[in-house]
Amino acid sequence: MELVSMPGQQAKGKVWLVGAGPGDVELLTLKAYRVIKQADAVLYDALVSQEILDLIPAAAEKIAVGKRVGKHSAAQDEINQLLVTKAYTRKNVVRLKGGDPFIFGRGGEELQTLVKSDVEFEVVPGITAASGTAAYAGIPLTHRDYAQGVSFITGHCQLESRPMDWQGYANSSNTLVVYMGILNANIISEGLMSHGRHPDTPVAIVSKATTALQQRFIGKLSDLPQLAADAALEMPALMIIGEVVELAETLNWFTPASATTSQIHSEITALGL
Ligand code: SAH
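Residues numbered from 1 in each chain as written. Predicted model: local features only at pLDDT ≥ 70, side-chain atom pairs only at ≥ 80, totals over all residues.

Participant: Just checking my understanding: could you explain the sheet that holds strand β9 (residues 215–220) for this structure?
Facilitator: Within a sheet, neighbouring strands are paired by backbone hydrogen bonds and run either parallel or antiparallel to one another. Pairing is mixed across the open sheet formed by five strands, whose spatial order is β6-β7-β10-β8-β9. Among the strands making up the open sheet, the edge pair consists of β6 (149–154) and β9. Across the sheet, the mean angle from the axis of one strand to that of its neighbour is 20°, orientation sign disregarded. Bridge count between strand β7 (residues 174–179) and strand β10 (residues 237–241): three bridges; the pairing is antiparallel. (Pairing = 2+ DSSP bridges. Helix = DSSP H or I, 4+ residues; strand = E, 2+ residues; numbered from the N terminus. Axes fitted to C-alpha atoms, helices over the stretch in contact; angles between N-to-C directions.)

Here it is as structure tokens:
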């Protein structure tokens, strides 16, 4: 799709590419909060939690451009075009994404479009799902006794265009965090086991992490497809694979049912941020 811009005419507005974090409104950065409060237009994804959307000023234009598997969504080209168009007509345009915009968020692609159209931008990082999930599920992603490194991968296996590096991911001294992997749990467990990762490797699937609806499903790599097929599992969900998952029972501090943010919410408002 050809991008329409106005050559020779500088866009008046600026685009803020903002990470909204994994769900809990308190995991928003102060900078993201300030930028959202000053927004004239906000283009947001399906993953941004309602409590965060509630922070958008009433006068700002709110545009849902969310993508969810199997649901209607604006194509990436349309989102890119919309961002450029809004930058010509609005002052503070916020592109709000779940987690961190530079981790499986297509933030880079959107910024490349803005550069082509000569639109000014800033990036506000967010807490990515891996960090939020690890913290709230009591699973440190690295630990000197269990894992020397961690890889974040997409399980949305575009297997043909870019083959998965199963050999690398099967390394038993590394933790593997799989985004968007639930529908491919079969391929993932098979791929890892056939490249030497032990079938008893502990795994966790955590859904709606950091929210009052968080759930953890813990098992072994060989059970991953069954865990992923659990009828109680809701999206979004993330997989953590590796020995660190053994710590999930002892470090389990978070009680989803008691997660309440309204108190802090009003404190933030009182601070005038
Ligand atoms: N940019 C986002 C990731 C977008 S990809 C980030 O940095 O977090 C979407 C995937 O993120 C989902 O399929 C899921 O695997 C994961 N995810 C996002 N929010 C999540 C949450 N609250 N709980 C569990 N997984 C989540």
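Participant: What exactly am I supposed to notice about the nonpolar core here?
Facilitator: It is characteristic of soluble globular proteins that their nonpolar side chains tend to be buried jointly. Counting 35 residues, the largest nonpolar core has V177, V178, V203, A204, L238 and I240 as its most contacted members. Top element by residues in this core is helix α5 (residues 129–137). It accounts for six residues. When neighbours within four sequence positions are excluded, V178 is seen to be in contact with I153, G155, I188, L238, M239 and I241. Residues A32, I36, I79 and L96 belong to the second largest nonpolar core, which totals 31 residues. (Core = buried A, V, L, I, M, F, W, Y, C linked by C-beta atoms within 7 Å. Buried ≥ 20, exposed ≤ 12 C-beta atoms within 10 Å, placed from the backbone. Contact = placed C-beta atoms within 7 Å.)

Participant: Would you explain the site of the ligand in this entry?
Facilitator: Taken together, 23 residues sit near the ligand, with G99, G105, T128, A129 and A209 positioned nearest. Listed by contribution, the elements that provide at least two residues to the shell around the ligand are α5, β8 (202–207) and β10. Considering only residue class, the shell around the ligand consists of twelve nonpolar, eight polar and three charged. Summarising the domain contributions, the shell around the ligand has at least three residues from each of domain 1 (14–127) and domain 2 (130–248). (Near = placed C-beta within 6 Å. Nonpolar A, V, L, I, M, F, W, Y, C, P; charged D, E, K, R; others polar. Domains from an automatic or database assignment.)

Participant: Explanation requested: the packing of helix α3 (residues 76–89) against helix α4 (residues 107–116) in the structure shown.
Facilitator: How two helices pack is summed up by the angle between their axes together with the distance between the axes. Their axes nearest at 10 Å, the elements α3 and α4 cross at an angle of 45°. By the angle class used here, α3 and α4 are oblique. Classified by chirality, the crossing of α4 by α3 is right-handed. Note on element contacts: α4 touches α3 through E109, E110, T113 and L114, opposite Q76, I79, N80, L83 and V84. (Parallel < 35°, antiparallel > 145°, perpendicular 65-115°, else oblique. Left-handed = near helix turned anticlockwise from the far one by under 90°.)

Participant: How should I be thinking about the pairing of strand β4 (residues 92–97) in this particular structure?
Facilitator: Residues in a regular strand project their side chains so that they alternate between the two faces of the sheet. The buried count for β4 comes to five of six residues, which makes it a mostly enclosed element. Bridge count for strand β1 (residues 14–19) against β4 is six bridges, and the pairing is parallel. Looking across to β4, one finds that K14 is bridged to N92. Two elements, strand β2 (residues 41–44) and β4, share four bridges in a ladder whose sense is parallel. Bridge pairing in β4 places V42 opposite V94.

Participant: Sorry if this is basic, but what is going on with the sheet that holds strand β5 (residues 120–124) here?
Facilitator: Ordered in space as β3-β2-β4-β1-β5, the five strands form an open sheet in which the pairing is parallel. Among the strands making up the open sheet, the edge pair consists of β3 (61–64) and β5. Looking at each pair of strands side by side, their axes are set apart by 20° on average, direction ignored. Bridge count between β2 and β3: four bridges; the pairing is parallel. Bridging from a neighbouring strand, Y44 pairs with A64 of β3. Along the sheet, helix α1 (residues 30–37) contacts β1, β4 and β5; its crossing angle with β1, the most-contacted strand, is approximately 140°.

Participant: I keep staring at unusual backbone geometry and nothing clicks. Help me out?
Facilitator: Omega for the peptide link from M235 to P236 comes to 0°, which places this bond in the cis form. Residue position: P236 is located in the loop between α8 (224–228) and β10. Even without being glycine, M180 reaches a positive phi, approximately 55°. One non-glycine residue, K208, lies in positive phi territory at about 45°.

Participant: I'm lost on the environment of Q148 in this one. Help?
Facilitator: Residue position: Q148 is located in the loop between α5 and β6. Considered as a pair, Q148 and S173 are 25 residues apart in the sequence and their alpha carbons are 5.9 Å apart.

Participant: Before we go on, may I ask you to explain the environment of L114 in this structure?
Facilitator: With respect to the helices, strands and loops of the structure, L114 is situated in helix α4. Judged by local crowding, L114 falls into the buried class, with 22 C-beta atoms found within 10 Å. The spatial distance from the C-alpha of L114 to the C-alpha of K14 is 9.7 Å, given a sequence separation of 100 residues. In contact with L114, other than residues within four places in its own chain, are V15, L83, V84, V119 and F121.

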